[in-house]
Amino acid sequence: MPLYKTITVNEETSLAIWKVEETEEKLWEKVKLTSHCQTRFNGMKSELHRKAFLSIRHLLAEYGYEDADLIYDENGKPHLKDGNFISITHSHNFTGIIISTTEHVGIDIEMQRDKILRIAHKFTPFEEYKTLANTAAVVRKLTIVWGAKESLYKIYGHKGLSFLEHINVKDFLFDAQKTTAQITFKGNLSHYKIKFLEFEAFTCVYATRDKELN
Ligand SMILES: CC(C)(COP(=O)(O)OP(=O)(O)OC[C@H]1O[C@@H](n2cnc3c(N)ncnc32)[C@H](O)[C@@H]1OP(=O)(O)O)[C@@H](O)C(=O)NCCC(=O)NCCS
């Protein structure tokens, strides 16, 4: 099944993940792009990217939306015309969207890769990870923290937000599959709930505002 997973986050928010296994031709079925998106699509050199882009339109259809219901702002952030909130992610053959009727949301899917060890110091205080049992566990944890920060960046949408300086993800246990995070930016403090899941060496993280604390 190309629709890989759906999760009900709460009454107002849910997400869906697609595993891209179809041909590009198959993915075109029932998809109509706006001229803006068609132009973007025409510029995509990688077949993987084109297929991911089309699969997002199938995920939209799961929620009764089509490409024309999406509007991108000048920063590339997607919005839904009906006022509901959306966030979009793609990583290799997995893609995902999260939609909420009431709150800003962010989602990120990342492949778990050792490469993250080399850039960890740019986005998180690396000392915190030294107690973990092995490199695989460090890669898993860093990927979750990175995904949390990407999700929050997608919610916040401000240029200049530093992953290292402005976003703090609270330490967590893998089994909890959740944590919290804070953004401190330009004198404002905001709180978020983070949840994550891992599958087939990928990590999906999603973020919502913590209504009790904000
Ligand atoms: C924009 C950004 C969040 C995209 O994340 P990514 O992991 O590269 O790619 P993903 O596939 O997960 O997400 C891409 C989607 O994000 C969405 N997006 C793009 N810009 C966005 C923005 N400013 N705000 C919210 N969402 C955005 C789009 O929907 C896009 O997919 P689409 O154009 O096909 O619809 C990312 O490139 C970025 O700029 N991150 C911040 C950079 C940064 O500060 N890094 C610090 C490193 S220490």
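Computed from a predicted model, the values in this text were never measured in an experiment.

(A) Here's a closer look at the overall build of the protein chain. For the protein chain, the count of helices and strands is 5 helices and 11 strands. Summarising its shape, the C-alpha atoms of the protein chain cover approximately 50 × 35 × 30 Å along the three principal directions. Taking all contacts inside the protein chain whose residues are at least 6 apart in sequence as the whole, residues at least 24 apart take part in 51%. Of the roughly 11400 Å² of accessible surface on the protein chain, 51% is carried by carbon and sulfur atoms. Taking the average place of the 29 positive charges on the side chains of the protein chain and the average place of its 29 negative ones, the gap between the two points comes to 4 Å.

(B) Summary view of the packing of aromatic side chains. Evaluated as defined, the whole model comprises 12 aromatic pairs. A cation sits over an aromatic face here: Lys141 above Phe172, 4.8 Å from the ring centre. Positioned above the aromatic ring of Phe174, the side-chain terminus of Lys141 is 6.0 Å from the ring centre.

(C) How the structure looks around helix 5 (residues 135–156). Taking 1.5 Å of rise per residue, 22 residues should cover 32 Å, and helix 5 covers 31 Å from first to last C-alpha, within 8% of that figure. Taking burial as the measure, the 22 residues of helix 5 include 17 buried ones, the bulk of the element. Where helix 5 starts, the residue carrying a side-chain oxygen 3.3 Å from the main-chain nitrogen of Ala136 turns out to be Asn134. Immediately downstream of helix 5, the backbone of Gly157 shows phi near 70 degrees, a positive value.

(D) Summary view of the sheet that holds strand 6 (residues 94–100). With antiparallel pairing, 4 strands are arranged side by side in an open sheet as 1-2-6-5. Edge positions in the sheet fall to strand 1 (3–10) and strand 5 (85–91), since each has one partner strand and no second. For this sheet, the mean inter-axis angle between neighbouring strands, taken without regard to orientation, is 10 degrees. Packed onto the sheet, helix 3 (residues 47–62) meets strand 1, strand 2 (13–19), strand 5 and strand 6 and runs at close to 35 degrees relative to strand 6.

(E) How the structure looks around the sheet that holds strand 7 (residues 105–111). Across the sheet, 5 strands lie side by side as 7-11-10-9-8; this open sheet has antiparallel pairing. Each end of this open sheet is capped by a strand with a single partner; those strands are strand 7 and strand 8 (167–169). Averaged over all pairs of adjacent strands, the angle between strand axes in this sheet comes to 25 degrees, irrespective of strand direction. Bridge count between strand 9 (residues 178–185) and strand 10 (residues 188–199): 8 bridges; the pairing is antiparallel. Its bridge partner being in strand 10, Ala181 is matched across the sheet by Tyr192. In the packing of helix 5 onto the sheet, contacts are made with strand 7, strand 8, strand 9, strand 10 and strand 11 (202–209), and the angle to strand 7 comes to roughly 145 degrees.

(F) Layout of the side chain of Lys77. Tracing the sequence through the fold places Lys77 in the loop between strand 3 (70–72) and strand 4 (78–80). For Lys77, which is buried and forms no salt bridge, the nearest opposite charge comes from Asp73, at a distance of 6.4 Å. Side-chain polar atoms of Lys77 contact the backbone oxygen of Lys154, separated by 2.8 Å. Side-chain polar atoms of Lys77 contact the backbone oxygen of Ile155, separated by 2.9 Å.

(G) Structural context of the site of the ligand. For the ligand, the set of nearby residues contains 18 residues, the closest of which are Arg40, Tyr72, Thr89, His90 and Lys154. Burial of the ligand by the protein chains amounts to 74% of its free accessible area of 930 Å². For the ligand, the cavity whose grid points lie within 2 Å of the majority of its atoms is the largest pocket. Put simply, the parts of the chain that give the shell around the ligand at least two residues each are strand 5, strand 7 and helix 5. Top element by residues in the shell around the ligand is helix 5. It accounts for 4 residues. Here the shell around the ligand is composed, by residue class, of 7 nonpolar, 4 polar and 7 charged. For the shell around the ligand, the domains that each give at least three residues are domain 1 (3–103) and domain 2 (108–209).

Each value, and the rule that gives it
- Residues numbered from 1 in each chain as written.
- Predicted model: local features only at pLDDT ≥ 70, side-chain atom pairs only at ≥ 80, totals over all residues.
- Heavy atoms only, no water.
- Helix = DSSP H or I, 4+ residues; strand = E, 2+ residues; numbered from the N terminus.
- Contact = heavy atoms within 4.5 Å.
- Areas by Shrake-Rupley, 256 points an atom, 1.4 Å probe, with all protein chains shown as cover.
- Lys, Arg positive; Asp, Glu negative; His and termini not counted.
- Charge placed at Lys NZ, Arg CZ, Asp CG, Glu CD.
- Phe/Tyr/Trp six-rings, centres within 6.5 Å; stacked < 30°, edge-to-face > 60°.
- Lys NZ or Arg CZ within 6 Å of the ring centre and 35° of its normal.
- Expected span 1.5 Å × (residues − 1).
- Buried < 20%, exposed > 50% of the residue type's maximum accessible area, 1.4 Å probe, protein only.
- Polar contact = N/O pair within 3.5 Å; in protein donor to acceptor, adjacent residues only side chain to side chain.
- Pairing = 2+ DSSP bridges.
- Axes fitted to C-alpha atoms, helices over the stretch in contact; angles between N-to-C directions.
- Salt bridge = Lys/Arg side-chain N within 4 Å of Asp/Glu carboxyl O.
- Near = heavy atom within 4 Å.
- 1 Å grid on protein atoms, 1.4 Å probe; cavity = no way out; pocket = protein on both sides within 12 Å on 5 of 7 lines; lining within 4 Å.
- Sits in = over half its atoms within 2 Å of the grid points.
- Nonpolar A, V, L, I, M, F, W, Y, C, P; charged D, E, K, R; others polar.
- Domains from an automatic or database assignment.

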